[in-house]
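Observations on chain architecture
Listed below are the residues making up each chain.
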Amino acid sequence: GGVLRHLYYGSKLRRLEDYLLTAPRSLFAPGNAAVLEGGVSLEDMAQECSGALWGNVGESLVDVTLPDGGRAALFRFAYYERGVKAAPGGLPSALNGEETLKVVLKEQSCELYLELHYTVFEKADTIVRWSRLVNDTGEAVTVQRLLSGQLDLPQDDYTLTTFRGAWA
């Protein structure tokens, strides 16, 4: 349905049978799900980018007020580019990344685009991610929230290390 999702985060997969781990699986039992065509439930999907008011029970990556006053923005896949510049001029960026992938999602009711940038640091086994919202509507769009990334994971036993706060 054009909804961008991730299938696997974890240690490197080395054997062909390990790729079975990437098969989509339920995050949790669906409740008041937003169901798209084909029976796709956004609530039960590990999304790379969820918009507010579309069935995601976690914190949405993007929350905007659209030119028509609506807030239920649904971004779907438009296109991707490989090898793009790591960050727009003047903004901080990660140095010496091996390749940057830009995935562009388009809001379904207007010319509002969400760019998701991924830079791979293979030697450090790390992916750096940042987001950019592009308003080509010609009208005002109010941004309530725009996060660098979203990480939906199935319920499990995790150890999570973060650097949240005013450390920089």
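Calculation rules
- Residues numbered from 1 in each chain as written.
- Predicted model: local features only at pLDDT ≥ 70, side-chain atom pairs only at ≥ 80, totals over all residues.
- Heavy atoms only, no water.
- Salt bridge = Lys/Arg side-chain N within 4 Å of Asp/Glu carboxyl O.
- Buried < 20%, exposed > 50% of the residue type's maximum accessible area, 1.4 Å probe, protein only.
- Helix = DSSP H or I, 4+ residues; strand = E, 2+ residues; numbered from the N terminus.
- Pairing = 2+ DSSP bridges.
- Axes fitted to C-alpha atoms, helices over the stretch in contact; angles between N-to-C directions.
- Core = buried A, V, L, I, M, F, W, Y, C linked by side-chain atoms within 4.5 Å.
- Contact = heavy atoms within 4.5 Å.
- Polar contact = N/O pair within 3.5 Å; in protein donor to acceptor, adjacent residues only side chain to side chain.
- Patch = residues over 30% accessible without salt bridge, like charges linked within 9 Å, V, L, I, M, F, W, Y side chains within 5 Å.
- Areas by Shrake-Rupley, 256 points an atom, 1.4 Å probe, with all protein chains shown as cover.

**Regarding the pattern of salt bridges**
Opposite charge on two side chains permits pairing when their charged atoms draw close. Inspection of every chain in the model, using the stated rule, returns 8 salt bridges. In this structure, the salt-bridge partner of R15 is D18, at a minimum N-O distance of 2.7 Å. Using a relative accessible area of 48% as the deciding quantity, one classes R15 as partly exposed. In this structure, the salt-bridge partner of E48 is R129, at a minimum N-O distance of 2.9 Å. Highlighted residues: E48 in the segment before β1 (62–65) and R129 in strand β5 (residues 126–135), separated in sequence by 81 residues. What makes E48 buried here is its relative accessible area of 4%. Taking relative accessible area as the criterion, R129 reaches 15% and is therefore assigned buried. Members of the salt-bridge network, linked through shared partners, are E81, K102, E115 and R132.

**Some remarks on the sheet that holds strand β3 (residues 99–107)**
Sheet architecture is open: 4 strands sit in the order β2-β3-β4-β5, paired in antiparallel fashion. The open sheet has two edge strands, β2 (75–82) and β5, and neither has a second partner. Direction aside, the axes of adjacent strands within the sheet are offset by 20° on average. The sheet contact formed by β2 and β3 spans 7 bridges and is antiparallel. Directly across from F77, in β3, lies its bridge partner L105.

**Some words on the nonpolar core**
In this structure, V64, F75, L112 and L114 are the most contacted members of the largest nonpolar core, which totals 16 residues. Sorting the residues of this core by element identifies β1, β3 and β4 (112–121) as the ones contributing at least two each. Looking at this core element by element, the count peaks at 4 residues for β4. When sequence neighbours within four positions are dropped, the list of residues in contact with L112 reads V64, L66, F75, L105, K106, E107, L133, V134, N135, T137 and V141.

**What to know about the environment of Q47**
Along the chain, Q47 turns up in the segment before β1. Sequence separation between Q47 and L151 is 104 residues, and the spatial gap between their C-alpha atoms is 7.6 Å.

**Looking at the side chain of S131**
Tracing the chain through its elements places S131 in strand β5. Reaching out from S131, the side chain makes a polar contact with the backbone oxygen of L147 at a distance of 3.1 Å. Side-chain polar atoms of S131 contact the backbone oxygen of S148, separated by 3.0 Å. Not counting the four nearest positions on each side in its chain, S131 is found in contact with L61, L114, E115, L116, L146, L147, S148 and G149.

**Overview of a nonpolar patch on the surface**
Side chains of Y9, V120, I127, L151, L153 and Y158 sit close together on the surface and give an oily, nonpolar patch of about 550 Å² of accessible area. Checked against the element boundaries, I127 lands in strand β5.

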